[in-house]
Structures are given as structure tokens and as C-alpha cells.
Amino acid sequence: MAYDPASLDKPFDVLKTFDWGGDASALQPIDAAVVAAHGDPVARADLEKRLAALLGAGTSRAAKEYVCRKLSLIGTAASVASLAALLPEKDHSHMARFSLERINAAEATEALRKALGSVQGDLKIGMISSLAGRGDAASVPALAALLSGESKTAVAAADALGRIHTPEACRALAAASGIADKSAVAAIADARLACAESLLRQGKRAEAKAIYTSLSEAATAGTTPMAKATRLAAARGILACLDTTTTS
Amino acid sequence: MHLPNQRYRGGIALTWAALACLSCGLQSAAAADAAVPQDAVQMTIDFLAKDDQAFRAIGLDRVRYGLKGEAATVQFAGLLSKLAPARQAELTAALADRGDRAALPAVLALLMASKEPAVRAAAVSGLGGLGSGTEVAVLKTSLAAADPEKAAARRALTVIRGNDVTPLLVEAAKSGEPGLRPTFIDILADRRAISALPDLLTAAVDGDPSVRTAAMRALARLGGPEQVAGMVQGVLKAAAGGERDEAERAVVTVCTQNPGKEKAAEALLAQFKAADDTIQETLLTVLARVGGTGAIAIVDGLIADTNTAKRKLGLTALAKWPDATVSQRLLDLLGASQDQAERDQLLGTLIRIAPLPDNKLNDKQKLELLEKTMSLCKRDEDRRRVLERANAIRTIETLRFVVPYLDDPNLAEPACLSVVELAHHRNIRDANKDEFTKALDKVLGTTKNEELIERAERYKQGQTWERKKPAKS
């Protein structure tokens, strides 16, 4: 069925004032249009434009959430600015990230990276998580800088570096020193294990083994929280590195 | 070289020193296979020696899934004779999971050397995973041991691979230790050894009742139409009583549940028709238990016979019928019969079949049949049985049928039981809450049975009640 923008006028009017508990069936034509837009760039661009226009002031939180969900499916670089504007807002940051994380455009990552430097607290942790979700190697320096900061943020940054697990991320984790917070130290150890496992999967046995050995030594020396678990994981990893008869 | 088992009694873990010596020996063995990373093998061995279970688990995991190759297997298997018993058992299990037959000689040697029941059981299990027909003889010996070795041997003989295994087990079932012959037959059934069916049919008419019973049990699991004729011989050979009953059930299973059940039932009917009067008399019960149109014609003929003995046989067969397709016959016969014993038998059959879960009637028809049966009852004893059976039909209409009997002092208790049993089922109870509350109140004011009182109170409050499991004999 050909895309008919006029048929969506009424559903978009409903969407402007839509709130949770309202009749969501009125929005069904938009749902259907989003699905039908697959493979139809003209329809997709029009829908994206109309949806993004509702992200500004004057629409309810429920409407914005709905829009973010739809943009996560059909959004492009064209929506990034509208979504990025929501990133510092407590009520909308989460859904804006939900959408940006899924939009296949470098601009989306750039927006998240930029917001990382400007937001604080839970919102910052959210940015860290989204950048990790996108595997953004370019955010490694910024994330590494957070390892020595506030506990929750440091834990999130360590986890993110483990998920990104590029050589730079692995190096940044290895270089983290002088951190007093036990949760952060444990998270760094965990992230380093993730890096080692990734290297092992890539067949980089020597590099992986070096990480496992370093972790094992630190755990044996008692400088790591959860020393027993770390020692076990490292021991298992070292053995896997040495076992050249088995692909990991 | 196997160190004396006694040396390790007391469960002392293998020491680091012992391991160090062992590793010296392993170095030379490993030199033959350059592909085996010796540092990994050594590390695994070190882990296997740790007192810490978590580290041992890492080593055992590597034995199970890592360090591929026969050379590594031989090195790990070489540890078996030197470990403490508890460690021997866990390493044997890991080697069995590894599935490399190169470990077989060491596992066999462990079985020969160890007197520890748990180690022997682990070694026997290992033979099941690693062995083939060659190991059947050893496992047969272990089958004669006490548990846990015996149980391990039973499992090992069930899972052991090899085309030569089934013939060896068949041979053991034929001419093995008399007390173990039934076990070998059970193992053949567990292995679903279809190729053993001819031998199982021979065993079904064996001189040893326990062998016959095991064979019929196995045939019930594996048999089809082609085995019915042979199984009939098993029924005829079985001693009257428990053995005959079990043999009959085996034939019924083949004719009502197994693949090809319709053809199997036809084969049974053909066997019956071809038999002389004496054999027919024996087979009539099993024929009736299978049911079907062919069988009912035979039963009808017997009931209509002027010979009293034949009529009695026919009625006895009817009493075994598996479903309610004979309900109208039973009602007609009941209406016509003046003989009290006959009437009792017919009524008992009706009461039994009316609420059967798979009796080919829907719930409404089941209840109608039960109501009709109730109307034909002349004694409270029979009415009580009807009321007790009624709760098998789980509908609100059944509750309505039962409730009036709560007012009859002679029938109140079975009626109370059925009300409570129906209330046990939340889907009926919740959908008809008011009716059930009234009925349960009446039960509470009527019954003297403490368990029923407790249950009625719980159901009224929307609670569940856990049925007590029957005590194990």
C-alpha cells in the first residue's frame, strides 16, 4: 500500500496530546506506517521528520517516549539533533538514549559522547552504558578518565571499557592505578577479564595470558577485592590460553 | 604401575611432591606428542591436585573439554592410580565425559585395583561411556556386585556403545547367572534393542517365572503387531494370578498404546479365534481388556449362550471392558437379569466405567450414565460407590447431583467426600463460588471425618490442600 501522509494527520494530532492510559489504538496507523516504511526511503524520511518534530516542548512525556521508540526503528542522522536535545533532561534522557543507541549513524555516537562530558550522576552513567552498547572506541579516553572518579561512575566506566575491549580499552584498564574504591577495583578486574576473554576469542593468546597473569598476581597479592573469584577466573583463562589444542 | 590402594586410604589428597614426581614421568611421555602443550597439561594436573574444589573443577573441566588428543588423555588417565579415592572418582567421571577410549586401560585397571565402592562405581560408569562390547564381560561381573557398583553397571550396560553389545546382552539374558537374567532383559528394553525381540519372545515362555515376567515387561515397551502371537504364548505360559495379570497388561499395552496398536488388536483377535475353548477361556480377559468391536461380538455371543458357564465368562469379560462403549449393554442386561450375583457384577462394572477419564463419553454423558446407574441401585452400598466415583467427573453438574445426598444419613459421608474432592479443583470451585460455599458449609455440618473438615474449611477460604502421598511399602 502506498504511503499516504494525509492519512496520518489525525493519528499525529492524537499523539501530540497522548498520555499513558489513553487509547493507544488511535496511534496504530503510525505503527503500521513505520513498519510499511521499511524499504521506502521517502516514506521513512517523512515519518522521521514528523516524529522528530514532536520531541520539542509542548508534547507529553508519553508522546515523547512513543516517538523515541519509533525513531529507534526508522531514525537516521536527521533525528539526532532532536534526540540529543533530550539527553540532559532527567525525564527524557533514558528514552533518547534508547533511540540513539539503535540509530545507525556516527552522529548518534557523537551526540552520546558529547553528552557524556556535560551530564552528571545517573545521566552520565546512562551515557557510559550507551557508549558501551555501541562499542565506541573513540570514547575510551573519556571513560578511562572516569575510572578514578566517583564510585558508581567509575564502576560503569570500567564495565564499559570491558565491553568495548579494544586494545586501547584494555590498556586503559591495565593502567588504572591508585584507585581506592573497592567497587571500582573489582569492576576493573572484571572488565580486564572481559578484555582477556575477547583477546582469547580472537586467538591473541599471549596478550590474553598477560592480562590473566597480571590479574592472578594481583589477586594472590591480595590487592584485589573478590580475590578468590578473580584467581579462579584468571587461572581458568591462563589454562585456556595455554591449551592450543582447543579454540576458545 | 599401580600403587597399592591402601596407601591412599583415609582420603588424603595427592601431595604436591607426588605430583612433582609424576610430572617428571609425564615429561618424557609427552615428548612423543609435540602437539600437546605440556605447560597446559601440567597446569591441569596441578589443579587436579588442589584441595580447593573450585580449582579442581577448572582442571576437570579441561580434562572433559580441552587439551585434545590421545597423548593428553593417556597422561590424565595415568594419574588415576596415584590419586586419593575421592579424586579417582571425579577424574574417572571427567575422563568418561572426555570420551577418549585411550583412557580405557587405566579405567579398567582402576576397577581391578580399587576396593572403594564409590571408585569402583565411577570406574564402571566410565566403562559405560568409553567401552564397547569388549567391556561387557567386566560390566556383567559388576552387575552381580552390591550398589552403587551394581547400579552403575546397570546404567553402563544401558549406554555402552557397539554393534556387538546387544548380542552379548541377549546371550547373557539367555544363559547368564539365573538371578541376573531378568536384569539383562530389562537392560535390553532400556536400550530399545529391537533386534532382540525374537529372543524376548523366547524368554516370554521361559521356565523361570522371573525371566518370563521381565520378557513380557520388555515386550510391552518394544513390541508391536508382529509380537502379539508370541506374547499370547507368554500369557498362556504365565502362572495364574500376579504373573498372568502382568502378562495380560503387557499385551494390552501393545494393543492399546504402542505404534501399530490397531493391527496388534486385530492380531490378538485372530489368535483368540484360532484357539481352542480352553485357551479362549484364558485369553478372554485380555481380549476384553483391549476392547473393540471384534471383541464385543465374541463377548455378546458368550453372554447370549444358554450354557451358564459361558454366559458367566462373557459377563466376567464385560466387567474388564476398558471404556463406556458397553454401557447400554450393561444397562439392558441389568434390566433383564434376575440373578443377584449377575446384577451386582453388572452394576459394579457400570459404576467403574461411567466416570473413566478416557471412556469415550463427554462429561455430560458420563454424569447421565452415573445417574442412570444410581437409579438402578437397590442397596445403599452400591449408592455409596456411585457417589464416591462421581467426583471423577469434575463439573458443577456433578456437585448438583451429589449435594442432595448430603441429607441422607446413610449416604452423607460419600457425598461429603465427593463435594470436597470437587472443591479441590480450583477452576470449578472459583467459577461456582456460592454453590460450593453452601455445599462446603453443609459438609462441615455433616461429616465426622476430620480430614474432610480441614479440607472443606481450607477450600472455603480459597486455600489449597496438599494431598498426602501414600506411604511407601
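Here the structure is a predicted model, which is why all the values come from computation and not from measurement. (Residues numbered from 1 in each chain as written. Chains lettered and ligands numbered in written order. Predicted model: local features only at pLDDT ≥ 70, side-chain atom pairs only at ≥ 80, totals over all residues.)

Turning next to the overall build of chain B. Secondary structure assignment for chain B yields 28 helices and 0 strands. Over its C-alpha atoms chain B spans a radius of gyration of 32 Å, topping by over 25% the 23 Å that the globule rule assigns to 473 residues. Seen through its C-alpha atoms, chain B measures out along the principal axes to roughly 95 × 60 × 35 Å. Sequence separation of 24 or more characterises 63% of the internal contacts of chain B that already satisfy a separation of 6 or more. (Helix = DSSP H or I, 4+ residues; strand = E, 2+ residues; numbered from the N terminus. Rg over C-alpha atoms; globule rule 2.2 N^0.38 Å. Contact = placed C-beta atoms within 7 Å.)

Moving on, we come to the overall build of chain A. Regarding its fold elements, chain A presents 14 helices and 0 strands. Across chain A, helices and strands are ordered from the amino to the carboxyl terminus as α-α-α-α-α-α-α-α-α-α-α-α-α-α. The long-range share in chain A, meaning contacts at least 24 apart out of those at least 6 apart in sequence, stands at 62%.

In terms of nonpolar packing, the biggest core is built from 213 residues, with Ala158 and Leu161 of chain A together with Ile185, Leu188, Val251, Leu268 and Val419 of chain B touching the most fellow members. Considering every element that reaches this core, the biggest residue donor is helix α12 (residues 182–201) of chain A, with 12 residues. (Core = buried A, V, L, I, M, F, W, Y, C linked by C-beta atoms within 7 Å. Buried ≥ 20, exposed ≤ 12 C-beta atoms within 10 Å, placed from the backbone.)

All names here are of chain A. Here the domain parsing of chain A yields domain 1 (1–134) and domain 2 (140–248). On a C-alpha basis, the centroid separation for the pair domain 1 and domain 2 is 36 Å. The interface of domain 1 with domain 2 comprises 9 residues on the first partner and 10 residues on the second. Of all the secondary structure elements, the ones that give two or more residues to the side of domain 1 that touches domain 2 are α7 (106–116) and α8 (121–133). For the side of domain 1 that touches domain 2, the element with the most residues is α8, which contributes 6 residues. Among the residues forming the side of domain 1 that touches domain 2, the class breakdown is 5 nonpolar, 2 polar and 2 charged. (Domains from an automatic or database assignment. Nonpolar A, V, L, I, M, F, W, Y, C, P; charged D, E, K, R; others polar.)

This paragraph deals with the environment of Glu89 of chain A. All names here are of chain A. One can find Glu89 in the loop between α5 (77–84) and α6 (93–102). For Glu89, a count of 15 C-beta atoms within 10 Å gives the class partly exposed. Put simply, Glu89 and Leu123 are 34 residues apart on the chain and 8.5 Å apart in space, counted from C-alpha to C-alpha.

Attention now moves to the interface of chain A and chain B. At the interface, 9 residues of chain A touch 15 residues of chain B. Residues that form the side of chain A that touches chain B fall into these classes: 4 nonpolar, 3 polar and 2 charged.

Now for the confidence of the model for chain B. Residues and elements named next belong to chain B. Per-residue confidence for chain B gives a mean pLDDT of 89, with 92% of residues at or over 70. Across residues 1–32, confidence stays below pLDDT 50; counting only partners more than four residues off in sequence or on other chains, it has 44 contacts. For this predicted complex, the interface confidence reaches an ipTM of 0.79, while the overall pTM sits at 0.74. (pLDDT = per-residue confidence, 0-100.)

Residues and elements named next belong to chain A. Following both chains from N to C, one finds helix α13 (residues 205–220) and helix α14 (residues 227–242) inclined at 155°, their axes separated by 8 Å at the closest point. If you check the angle between α13 and α14, you find them roughly antiparallel. α14 is crossed by α13, and the crossing has left-handed handedness. In this structure, α13 contributes Arg205, Ala208, Lys209, Tyr212, Thr213, Leu215, Ser216, Ala219 and Thr220 to the contact, and α14 contributes Ala227, Thr230, Arg231, Ala234, Ala235, Gly237, Ile238 and Cys241. (Axes fitted to C-alpha atoms, helices over the stretch in contact; angles between N-to-C directions. Parallel < 35°, antiparallel > 145°, perpendicular 65-115°, else oblique. Left-handed = near helix turned anticlockwise from the far one by under 90°.)

Here the residue pair Asp147 of chain B and Pro148 of chain B is connected by a cis peptide bond, since its omega of 10° sits within 30 degrees of zero. Its place among the elements puts Pro148 of chain B in the loop between α8 (136–143) and α9 (149–159). A positive phi angle is found at His165 of chain A, which is not glycine, with a value near 35°. One non-glycine residue, Leu67 of chain B, lies in positive phi territory at about 40°. Relative to the helices and strands, Leu67 of chain B resides in the loop between α3 (53–65) and α4 (70–79). On the basis of neighbour counts, which here come to 25 C-beta atoms within 10 Å, the residue Leu67 of chain B falls in the buried class.

It is worth spelling out helix α4 (residues 61–74) of chain A at this point. Counted at 1.5 Å a residue, the expected span for α4 of chain A with its 14 residues is 20 Å, and the 20 Å between its end C-alpha atoms agrees. Where the residues of α4 of chain A are buried, they touch α1 (9–16), α2 (28–36), α3 (41–52), α5 and α6 of chain A. (Expected span 1.5 Å × (residues − 1).)

All names here are of chain A. Where α12 contacts α13, the axes come no closer than 8 Å and their chain directions differ by 160°. In terms of orientation, α12 and α13 fall into the roughly antiparallel class. Where α12 crosses over α13, the handedness of that crossing is left-handed. Contacts between α12 and α13 involve Ala189, Arg192, Leu193, Cys195, Ala196, Leu199 and Leu200 on the former and, on the latter, Arg205, Glu207, Ala208, Ile211, Tyr212 and Leu215. Classifying every residue of the contact of α12 with α13 gives 10 nonpolar, no polar and 3 charged.

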